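Geometric and topological summary
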Amino acid sequence: DRTIGFLGLGAMGLPMARNLLEKGFELHIAAHRNREPVEELKQAGAIEHESPAEVAQSCGVLISILPADKEMAEVLLDEKVLDGLGRESVLIEMTSGSPDMMKRIASAYEERGIRVLDAPVSGGTAGAEKGTLTVMAGGQEKVLDTVRPVLESMAKNIFLVGPVGSGKAIKAINQMLAAIHMAAAGEALALARKLEVPVEILKEVIGKSSGASWMLMNKLDGLVKGNFTPGFKHHLMTKDVQIAVDESAELELPLAGLALKLYRDTESEAGELDFSAVAAKLLT
Ligand code: NDP
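Keep in mind it's a predicted model, so treat the numbers as computed, not measured.

As far as domains go, the protein chain holds domain 1 (3-163) and domain 2 (169-283). For domain 1 and domain 2, the distance between their C-alpha centres works out to 28 Å. At the interface, 14 residues of domain 1 touch 10 residues of domain 2. Buried area between domain 1 and domain 2, both sides added, is near 930 Å², and the carbon and sulfur share of it is 67%. Run the count over domain 1 and domain 2 and you get 0 salt bridges. Across the domain 1-domain 2 interface, the total number found is 3 residue pairs in polar contact (both at pLDDT 80 or more). Residue assignment for the side of domain 1 that touches domain 2 shows that the elements contributing at least two residues are helix H6 (99-110) and strand E7 (121-122).

Put into structure tokens, the structure is as follows:
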């Protein structure tokens, strides 16, 4: 089915939707608060509707990439949205939400014969723009195969990791690591400054050594310049680490707990900034 409904036209959703239009899909959208992405996509050929329910009525594949569990429930468990989708349509749910919310949504849809793919992504806004995201899919292989051309318009790497909910689970693990690695890269930079190691040398040498990380290689320049334009918003990272901590329950993971505290403690000043702002204080 080449008719796509797309809910959540934010930092990720907008460039992903652009790629779908470029690949010739028919795109149905609705404004939430911000009209800018809707106007831009309409110029590029998208069709605007009054509400998510009308979007659902107009498409065979509904994609959502919303902030968190709360919005997933608000939008996707709205009876009008559920009623709008025909049997045999597919929901591709790409938010970094919790496995439990994903399972709740999937059972509401599957009860009505609507197929569901749990499909959070990694790769950031740059990956969304270039269409090179990584998809961590949870669901049935035949459902994934049905929507593979849709996903391939937005992503380079598509992994099926298990049943519905397991996409959200592996994404939470990725985010726990990313949050810890970001905080650690900030500390490395602070120590490098104290020890008078230039940042370029730090990246060049540690990039080829055992302390390397994606954050060290990609996020230090922004930190050095004090450029915290998101990107991936700090408050969304706090939400992701919270999911990992909630899921870990009695495991009590000390680094995840510490990362959660670091992100929470900096949330009031940095929540709307890039998540690398978690380390800003170390460098002032
Ligand atoms: P943004 O905050 O930039 O965008 C969120 C979008 O959801 C906005 O278009 C917003 O509309 C819309 N929205 C919010 N509430 C509702 C609602 N009740 N009904 C309909 N639409 C709603 O977030 P991102 O795009 O950065 O992130 C989206 C998800 O993807 C998050 O779960 C995030 O963790 C994950 N993610 C983000 C990455 C990144 O680098 N940014 C990378 C990988 C995953 P409006 O602005 O009009 O309110």
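In this section: the pattern of salt bridges. Applying the stated criterion across every chain, the model contains 16 salt bridges. In this structure, the salt-bridge partner of Lys70 is Glu74, at a minimum N-O distance of 3.7 Å. Of the two residues, Lys70 and Glu74 both sit in helix H4 (residues 69-76), 4 residues apart, roughly one turn of that helix. When its relative accessible area of 56% is taken as the criterion, Lys70 is described as exposed. By relative accessible area, Glu74 is classed as partly exposed at 48%. Note that Asp221 and Lys203 form a salt bridge whose closest N and O atoms lie 3.1 Å from each other. On the criterion of sequence distance, the pair formed by Asp221 in helix H12 (residues 220-225) and Lys203 in helix H10 (residues 199-206) is long-range, its members being 18 residues apart.

What follows covers helix H1 (residues 13-22). In terms of burial, H1 is largely enclosed, as 8 of its 10 residues are buried. Within the span of H1, buried status applies to Gly13, Leu14, Pro15, Met16, Ala17, Asn19, Leu20 and Leu21. Positive phi shows up at Gly24, right after H1, with a value of about 90°.

What follows is about the pairing of strand E4 (residues 61-64). The side-chain alternation of E4 yields two buried faces, one formed by Val61 and Ile63 and the other by Leu62 and Ser64. The sheet contact formed by strand E1 (residues 3-7) and E4 spans 4 bridges and is parallel. When the sheet's bridge partners are listed, Ile4 is paired in E4 with Val61. Inspection of the sheet shows E4 paired to strand E5 (residues 90-93) by 4 bridges, in the parallel sense. Residue pairing for E5: Leu62 is matched across the bridge by Leu91.

Another point: the side chain of His28. Checked against the element boundaries, His28 lands in strand E2 (residues 26-30). Of the polar contacts made by the side chain of His28, one reaches the side chain of Glu26; its length is 2.6 Å. In contact with His28, not counting residues within four places along its chain, are Thr3, Ile4, Gly5, Phe6, Ile47, His49, Val55 and Ser58.

The next thing to look at is the site of the ligand. Near the ligand you find 26 residues, and of these His32, Arg33, Pro67, Lys233 and Lys239 are the closest. Within the backbone of Asn34, one N or O atom sits 2.8 Å away from an oxygen atom of the ligand. Within the backbone of Leu66, one N or O atom sits 3.1 Å away from an oxygen atom of the ligand. Considered on its own, the ligand offers 900 Å² of accessible surface; in the complex 89% of this is hidden by protein. Counting residues per element, the ones that place at least two in the shell around the ligand are H4, helix H7 (124-130) and helix H13 (234-248). Looking at the shell around the ligand residue by residue, the class counts come to 10 nonpolar, 9 polar and 7 charged.

Two elements in contact, H13 and helix H14 (residues 254-265), have axes separated by 9 Å at closest approach and are oriented at 150°. Here H13 is positioned roughly antiparallel relative to H14, judged by the angle of their axes. Regarding H13 and H14, the two cross each other, and that crossing is left-handed. Seen from H13, the contacting residues are His234, Met237, Thr238, Val241, Gln242 and Val245; seen from H14, they are Ala256, Gly257, Ala259, Leu260, Tyr263 and Arg264. Looking at the contact of H13 with H14 residue by residue, the classes come out as 7 nonpolar, 4 polar and 1 charged.

Parameters and conventions
Residues numbered from 1 in each chain as written. Predicted model: local features only at pLDDT ≥ 70, side-chain atom pairs only at ≥ 80, totals over all residues. Heavy atoms only, no water. Domains from an automatic or database assignment. Contact = heavy atoms within 4.5 Å. Buried area = accessible area lost by both parts, 1.4 Å probe. Salt bridge = Lys/Arg side-chain N within 4 Å of Asp/Glu carboxyl O. Polar contact = N/O pair within 3.5 Å; in protein donor to acceptor, adjacent residues only side chain to side chain. Helix = DSSP H or I, 4+ residues; strand = E, 2+ residues; numbered from the N terminus. Buried < 20%, exposed > 50% of the residue type's maximum accessible area, 1.4 Å probe, protein only. Pairing = 2+ DSSP bridges. Near = heavy atom within 4 Å. Areas by Shrake-Rupley, 256 points an atom, 1.4 Å probe, with all protein chains shown as cover. Nonpolar A, V, L, I, M, F, W, Y, C, P; charged D, E, K, R; others polar. Axes fitted to C-alpha atoms, helices over the stretch in contact; angles between N-to-C directions. Parallel < 35°, antiparallel > 145°, perpendicular 65-115°, else oblique. Left-handed = near helix turned anticlockwise from the far one by under 90°.

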